[in-house]
Amino acid sequence: MLKIFIGFLFEFIDFNIYGFDIAADFIGHILVYLGLNEYPDIASFQKAKPFTIVLLIKSLIFTILGIFIKADNSVFMIVSAVLAIAFAVVTLCQLYHFTKGVGELEEKTGLDLNYQKLFDLWNKRKFVEILDAVFIVIASVFAILNLTPDKINSYDTALITLVSAVISVISAVFVIMLLVIEIKQLIYIYKAKQALDT
């Protein structure tokens, strides 16, 4: 469980210096995958592995693309928004199967591994991710409108700017909510690791 804990720590927390993720997500995905391999008899952990591989491939591609591509055109923003939503779904699937695996492990060992608390947090995360996806789409539309001022003569540019600012604030609130959920998930995963080590 130690590899899984450290892997999720890398996945959840971004450490950026000058735009470069020094604790790259792909390291986290590799550790999670290796940790899941340590429990071949837990079916839900095995179901989480394909989602972890998809996230690993995504991380490698995005790390490479992030070095060469600047997010200053509307096509890139649309593609980024769609991919952000798609990979949020993949992450939710990975976490769902991981959480169910903790439940299986809890049942098998008879230890309290915080399954119910982790599952409640997964449900909260699902709700926040759905709302965040809606705002990603709305924010992308307004960002594109702001990038093409020559095409919005019929629009009130002040209103577009105001709505964009409100969306940015709401998105920041979602980021904080997700961070709180992720920290709690890490705490419960660490407690599960400690319970298994005793």
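Residues numbered from 1 in each chain as written. Predicted model: local features only at pLDDT ≥ 70, side-chain atom pairs only at ≥ 80, totals over all residues. Heavy atoms only, no water.

**Student:** What exactly am I supposed to notice about the pattern of salt bridges here?
**Tutor:** Once their charged atoms are close, side chains differing in charge can pair, the charge on each being opposite to the other. Counted under the stated rule, the structure contains five salt bridges. Here lysine 3 and glutamate 38 are joined by a salt bridge, their closest N and O atoms 3.0 Å apart. Note that lysine 3 is positioned in helix α1 (residues 2–12) and glutamate 38 in the loop between α2 (25–37) and α3 (43–68), a separation of 35 residues in sequence. Residues joined by salt bridges that share partners form a network here, namely Arg125, Glu129 and Glu182. (Salt bridge = Lys/Arg side-chain N within 4 Å of Asp/Glu carboxyl O. Helix = DSSP H or I, 4+ residues; strand = E, 2+ residues; numbered from the N terminus.)

**Student:** Please clarify how α2 should be interpreted in this entry.
**Tutor:** An α-helix turns once per 3.6 residues; consequently, residues spaced three or four apart project the same way. Taking 1.5 Å of rise per residue, 13 residues should cover 18 Å, and α2 covers 19 Å from first to last C-alpha, within 8% of that figure. For α2, every residue scored as buried is listed here: Asp25, Gly28, His29, Val32, Gly35 and Leu36. For α2, the angular spread of the buried residues around the axis is 125°, confining them to a single face. (Expected span 1.5 Å × (residues − 1). Buried < 20%, exposed > 50% of the residue type's maximum accessible area, 1.4 Å probe, protein only. Arc of directions from axis to C-beta.)

**Student:** So what exactly am I meant to see when it comes to the nonpolar core here?
**Tutor:** As a rule of thumb, soluble globular proteins bury nonpolar side chains together. Within the largest apolar cluster, 34 residues are counted, with the highest numbers of intra-cluster contacts made by Met1, Phe8, Phe45 and Phe98. If you list the elements that add at least two residues to this core, you get α1, α2, α3, α4 (74–109), α5 (115–147) and α6 (157–197). By residue number, the principal contributor to this core is α6, which donates nine residues. Not counting residues within four places of it along the chain, the set of residues in contact with phenylalanine 8 comprises Val32, Gln94, Leu95, Phe98, Leu186 and Ile189. (Core = buried A, V, L, I, M, F, W, Y, C linked by side-chain atoms within 4.5 Å. Contact = heavy atoms within 4.5 Å.)

**Student:** How do you make sense of the packing of aromatic side chains when you look at a structure like this?
**Tutor:** Each aromatic ring pair is summarised here by two numbers: the centre-to-centre distance and the angle between the ring planes. Applying the stated rule across the entire model yields eight aromatic pairs. Their ring planes at 70° and their centres at 5.4 Å tell us that tyrosine 39 and phenylalanine 45 sit as a pair that is edge-to-face. Each member of the pair, tyrosine 39 together with phenylalanine 45, is buried. One aromatic cluster is present, built from ring pairs that chain together Phe8, Tyr39, Phe45 and Phe98. Taking the ring centre of phenylalanine 87 as reference, the NZ or CZ of lysine 58 above it sits at 5.6 Å. Between the NZ or CZ atom of lysine 100 and the centre of the ring of phenylalanine 119, over which it lies, the distance is 4.9 Å. (Phe/Tyr/Trp six-rings, centres within 6.5 Å; stacked < 30°, edge-to-face > 60°. Lys NZ or Arg CZ within 6 Å of the ring centre and 35° of its normal.)

**Student:** Looking at this structure, how should I read the side chain of glutamate 129?
**Tutor:** Tracing the backbone shows glutamate 129 in helix α5. Overall, glutamate 129 belongs to the buried group, its relative accessible area being 10%. Other than its neighbours up to four places away in sequence, glutamate 129 contacts Ala88, Leu92 and Leu178.

**Student:** What is the right way to look at a nonpolar patch on the surface in this model?
**Tutor:** On the surface, Ile53, Ile57, Ile61 and Phe62 cluster together into a nonpolar patch covering about 340 Å² of accessible area. Within the secondary structure layout, isoleucine 61 lies in helix α3. (Patch = residues over 30% accessible without salt bridge, like charges linked within 9 Å, V, L, I, M, F, W, Y side chains within 5 Å. Areas by Shrake-Rupley, 256 points an atom, 1.4 Å probe, with all protein chains shown as cover.)

**Student:** Mind showing me how you'd approach the environment of isoleucine 170 here?
**Tutor:** Positionally, isoleucine 170 belongs in helix α6. Classification of isoleucine 170 as partly exposed rests on a relative accessible area of 26%. Considered as a pair, isoleucine 170 and aspartate 132 are 38 residues apart in the sequence and their alpha carbons are 8.8 Å apart.

**Student:** Before we go on, may I ask you to explain the packing of α1 against α2 in this structure?
**Tutor:** Helix packing geometry: the angle between the two helix axes and the distance between the axes. Look at α1 against α2: their axes get within 7 Å of each other, and the N-to-C directions meet at 155°. In this view, α1 runs roughly antiparallel relative to α2, as classed from their interaxial angle. Crossing geometry of α1 relative to α2 is assigned as left-handed. Taken together, the residues of α2 that come into contact with α1 (itself represented by Lys3, Ile4, Ile6, Gly7, Phe8, Phe10 and Glu11) are Asp25, Ile27, Gly28, His29, Leu31, Val32, Leu34, Gly35 and Leu36. Within the contact of α1 with α2, the residues separate by chemical class into nine nonpolar, four polar and three charged. (Axes fitted to C-alpha atoms, helices over the stretch in contact; angles between N-to-C directions. Parallel < 35°, antiparallel > 145°, perpendicular 65-115°, else oblique. Left-handed = near helix turned anticlockwise from the far one by under 90°. Nonpolar A, V, L, I, M, F, W, Y, C, P; charged D, E, K, R; others polar.)

**Student:** For this particular structure, what's the right way to read the environment of lysine 3?
**Tutor:** Assessed through its relative accessible area of 36%, lysine 3 is described here as partly exposed. C-alpha of lysine 3 to C-alpha of glutamate 38: the two residues are 35 residues apart in sequence and 9.3 Å apart in space. Aside from chain neighbours lying at most four places away, what touches lysine 3 is Leu31, Val32, Leu34, Gly35 and Glu38. Within the local environment of lysine 3, its side chain forms a polar contact with the side chain of glutamate 38, the two groups lying 3.0 Å apart. (Polar contact = N/O pair within 3.5 Å; in protein donor to acceptor, adjacent residues only side chain to side chain.)

In short, geometric facts, not functional conclusions.
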